[in-house]
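Read off the chains here:
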Amino acid sequence: MDEVTVGITALERTPLFAGLDREQLEDVLQVGHRVSFDAGQAIVERGDAGDAMYIILSGAAEVDVGGRFHRLERGDFFGEMAVLAGKPREATVKAVEPLEALQIPADDFQAFLAANPQVAVGMLKSLVERLREVQDRLDTWIGGVW
Ligand code: CMP
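Here the structure is a predicted model, which is why all the values come from computation and not from measurement.

**Student:** How do you make sense of the environment of Gly-19 when you look at a structure like this?
**Tutor:** On the secondary structure map, Gly-19 appears in the loop between helix 1 (3-12) and helix 2 (22-31). On a C-alpha basis, the gap between Gly-19 and His-33 in space is 21 Å, while along the polypeptide they are 14 residues apart. If sequence neighbours within four positions are ignored, Gly-19 has contacts with Gln-24 and Gln-118.

**Student:** Can you help me understand the site of the ligand in this one?
**Tutor:** Lining the immediate environment of the ligand, one finds 16 residues, of which Gly-79, Glu-80, Ala-82, Arg-89 and Glu-90 sit closest. Between the ligand and the protein, one listed contact pairs an oxygen atom with a side-chain N or O atom of Arg-89 at 2.8 Å. In this structure, Glu-90 approaches the ligand through a main-chain N or O atom, which is 2.7 Å from an oxygen atom. Coverage of the ligand by the protein chains reaches 96% of its 460 Å² of free accessible surface. Secondary-structure elements contributing two or more residues to the shell around the ligand are strand 4 (61-65), helix 3 (80-85) and helix 5 (117-145).

**Student:** When you look at the sheet that holds strand 3 (residues 52-58) in this model, what are you seeing that I'm missing?
**Tutor:** Adjacent strands of a sheet form backbone hydrogen bonds with each other and so pair up, either parallel or antiparallel. An order of 1-8-3-6 is seen for the 4 strands of this open sheet, with the pairing classed as antiparallel. The sheet is open, and its two edges are formed by strand 1 (33-37) and strand 6 (77-78), each paired on a single side. When strand 3 meets strand 8 (residues 99-105), the two strands line up antiparallel, connected through 6 bridges. Bridging across to strand 8, Ile-56 finds its partner in Ala-101. Along the sheet, helix 1 contacts strand 1, strand 3 and strand 8; its crossing angle with strand 1, the most-contacted strand, is approximately 75 degrees. Packing of helix 2 onto the sheet brings it into contact with strand 1 and strand 8, and relative to strand 8 it is tilted by some 85 degrees.

Parameters at a glance
Residues numbered from 1 in each chain as written. Predicted model: local features only at pLDDT ≥ 70, side-chain atom pairs only at ≥ 80, totals over all residues. Heavy atoms only, no water. Helix = DSSP H or I, 4+ residues; strand = E, 2+ residues; numbered from the N terminus. Contact = heavy atoms within 4.5 Å. Near = heavy atom within 4 Å. Polar contact = N/O pair within 3.5 Å; in protein donor to acceptor, adjacent residues only side chain to side chain. Areas by Shrake-Rupley, 256 points an atom, 1.4 Å probe, with all protein chains shown as cover. Pairing = 2+ DSSP bridges. Axes fitted to C-alpha atoms, helices over the stretch in contact; angles between N-to-C directions.

Written out as structure tokens, the structure is:
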């Protein structure tokens, strides 16, 4: 299999890109760069500027949200918050296994979403899930304090 076919096969397994045809998936591959990280390596660090977002193609990472850890796996994305908000990174994300990701530079990201509204909607759904999870955690915490 050539590089492009390998990349397309990985993207086809990514729920965020379900529904995109081959031409659109090739566009995704063109704006992105394939990047690799070793287990234990920080991919983004809390407080850093948001220069790119990442979609995991293989391997796994962990997000440290205030001492609680979320595992992210193939098909999950991260690093979108700082890019969308133009604010520093909310959390540190570390590879916990050798990880391969598609890195989409901040400069290309908004144009990419505008060209692929179904990806933007998929991303919104995941963001709402993250917000609800944080809200549930706060509710549990406040419930415990009161
Ligand atoms: P960003 O702030 O750019 O960099 C850290 C990333 O961690 C953040 O974007 C999100 O992609 C991710 N992240 C932050 N909070 C959570 C959470 N509660 N659940 C899952 N991922 C998160």
